[in-house]
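The primary structure of each chain is shown beneath.
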Amino acid sequence: MKPDIAVSSLEEKLNGEIILPDDDNYDEARAVYNGMIDKHPALIVKCKDADDVKAAVNFARKEGMEVSIRGGGHSGPGLALVDNGMVIDLSPMKAIHVDPENKTARVEPGCTTGEVDAATHEYGLATVTGIISNTGIGGLTLGGGHGYLTRKYGLTIDNLLSADVVLADGKLVHANEKENADLFWALRGGGGNFGVVTCFEYRLHPVKNVIAGPMFWPIDQLETTLKWYRDWLPEMPDDVYAFFLITEVASADPFPEEIQGELVCGLLWCYTGHEDQFENYLQQARNASKPLFEFTGEMPYTALQTMFDGFFPPGYQWYWKGDFVREISNEAIKEHVRFANIPTPLSTMHLYPVDGAAHEVGSDETAWNKRDAQWSMVIVGVDPDPENTDKIKTWARDYWKAVHPHTLGGSYINFMMEEGQDRVEASYGDNYKRLQKVKAKYDPDNFFHVNQNIKPK
């Protein structure tokens, strides 16, 4: 194509703007959450509405350009960007409409989870989102979505009621349980493979305040506490959520100076039940091993959702590895102990519960297949210094290789780097072939392939 002429023809159709490599704001526009990513798109189309998305899709298809879709820019492997192609950037699309009477919210794809939480919190309502508030709602949802409310209210996709989608042919369609039901099934966990979602509709639940916060044990109690946790949590009511972690205590409030910088294991609680019962669950954790530190109390749900934001700002180096876990065997615990010496202060391992209400949905009811998983594990190397990139990658890969044989063999796709087709197929299991058929119907040429790709059958 002749760039100047062709881009001008697109620009005339947009309410948003086009950013090109020579523009002053190009480097800012191509930056994503993971500072390890350094891609150079040919153009970035900042869309303001669904018509802009349609125009961008039609233009890219006509010009034979590769396309990536950017929402919140939180994609670990950098799949929100594409070298020498077009980025359809949805970040300007920020509208949120909450219907408190029907307990629903319509949300545009440029919103972060924190923006959604803040809007619904005004009405004492929430849907299931993640644990970092600057995560984009679009990528979180399309990957399946799990967080503090998962044991109580399921995955994010279990609360998705409908979606408006621009397909590869440029058409805008509506998808729900009755209309384009096959597409709706695939969107719930199938990633960005089927089109560009321009609006999500979510079911909301009565959540205002929660009881939450961290509890730490000395790292030498890792084996003892993880053995207790694996048996204890699945037996708890759905109101009890606590993910297990290995971390270094931050040098910041509210942590006492004498434990700052100390390597610990522990829990991050989120309790949605009756206040007078929570002490009972806390005591059960104390009985497993004497805590080094506790800091739990009642707080707005939005305060819990932003708790990690200051520790993990955009621009740090990140390397993710994940797996679904059904059982935490003694052999796996030995490997967790072996790799507990994290390479940098912000590197960590989390075991997020994905049971409770998430187990009430069948493995074939949505694209998310691993409904028998108890936990979604993530091993993540993090550091602000690019000089430490090799260190955090090596640790995360070696740790993952050691525990992987003790897992279900697939991963939450939002916890994957670019790891190859076998890993994608393993993550969808028996649903992969059905996803291929839906892909062949709605995107037969694999136009949307800069993602954890499902190849059309």
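Please refer to the structure placed before this passage.
As the structure is a prediction and not an experimental result, all values here were calculated from the model.

Extensive coverage of strand S10 (residues 196-203) is indicated by the burial of seven of its eight residues. Across four bridges, the pairing between strand S6 (residues 104-107) and S10 is antiparallel. Paired with Ala105 across the two strands is Tyr202, which belongs to S10. For strand S8 (residues 160-166) and S10, the ladder comprises six bridges, and the chain directions are antiparallel. Bridging from a neighbouring strand, Asp164 pairs with Cys199 of S10.

Right, let's talk about the pairing of strand S2 (residues 43-46) for a bit. Burial along S2 is two-sided: Leu43 and Val45 facing one way and Ile44 and Lys46 facing the other are all buried. Relative to S2, strand S1 (residues 17-19) runs antiparallel, the two sharing three bridges. Across the sheet, Glu17 pairs through a bridge with Lys46, a residue of S2. Bridge analysis of S2 against strand S4 (residues 86-89) gives four bridges, and the strand direction is parallel. Residue Leu43 lies in a different strand from S4, and its bridge partner there is Met86.

Here we take up the nonpolar core. Within the largest apolar cluster, 116 residues are counted, with the highest numbers of intra-cluster contacts made by Tyr148, Phe244 and Trp269. Beyond its immediate sequence surroundings of up to four residues, Tyr148 is in contact with Thr129, Gly130, Ile131, Tyr241, Phe243, Leu268, Cys270, Tyr301, Leu304, Gln305 and Phe308. Core analysis: the second largest hydrophobic core is formed by 25 residues, Leu14, Ala60, Ile88 and Phe447 among them.

Along helix H11 (residues 330-338), the positions that sit buried rather than exposed are Ala332, Ile333, Glu335 and His336. In an axial view of H11, the angular spread of the buried residues amounts to 160 degrees, which keeps them on one side of the axis. With respect to the buried face of H11, the exposed residues turned more than 90 degrees away are Lys334 and Arg338. Where H11 is buried, its residues touch helix H8 (222-232), strand S13 (240-248), strand S18 (348-353), strand S19 (375-383) and helix H12 (389-403).

Quick notes on the rules
- Residues numbered from 1 in each chain as written.
- Predicted model: local features only at pLDDT ≥ 70, side-chain atom pairs only at ≥ 80, totals over all residues.
- Heavy atoms only, no water.
- Buried < 20%, exposed > 50% of the residue type's maximum accessible area, 1.4 Å probe, protein only.
- Helix = DSSP H or I, 4+ residues; strand = E, 2+ residues; numbered from the N terminus.
- Pairing = 2+ DSSP bridges.
- Core = buried A, V, L, I, M, F, W, Y, C linked by side-chain atoms within 4.5 Å.
- Contact = heavy atoms within 4.5 Å.
- Arc of directions from axis to C-beta.

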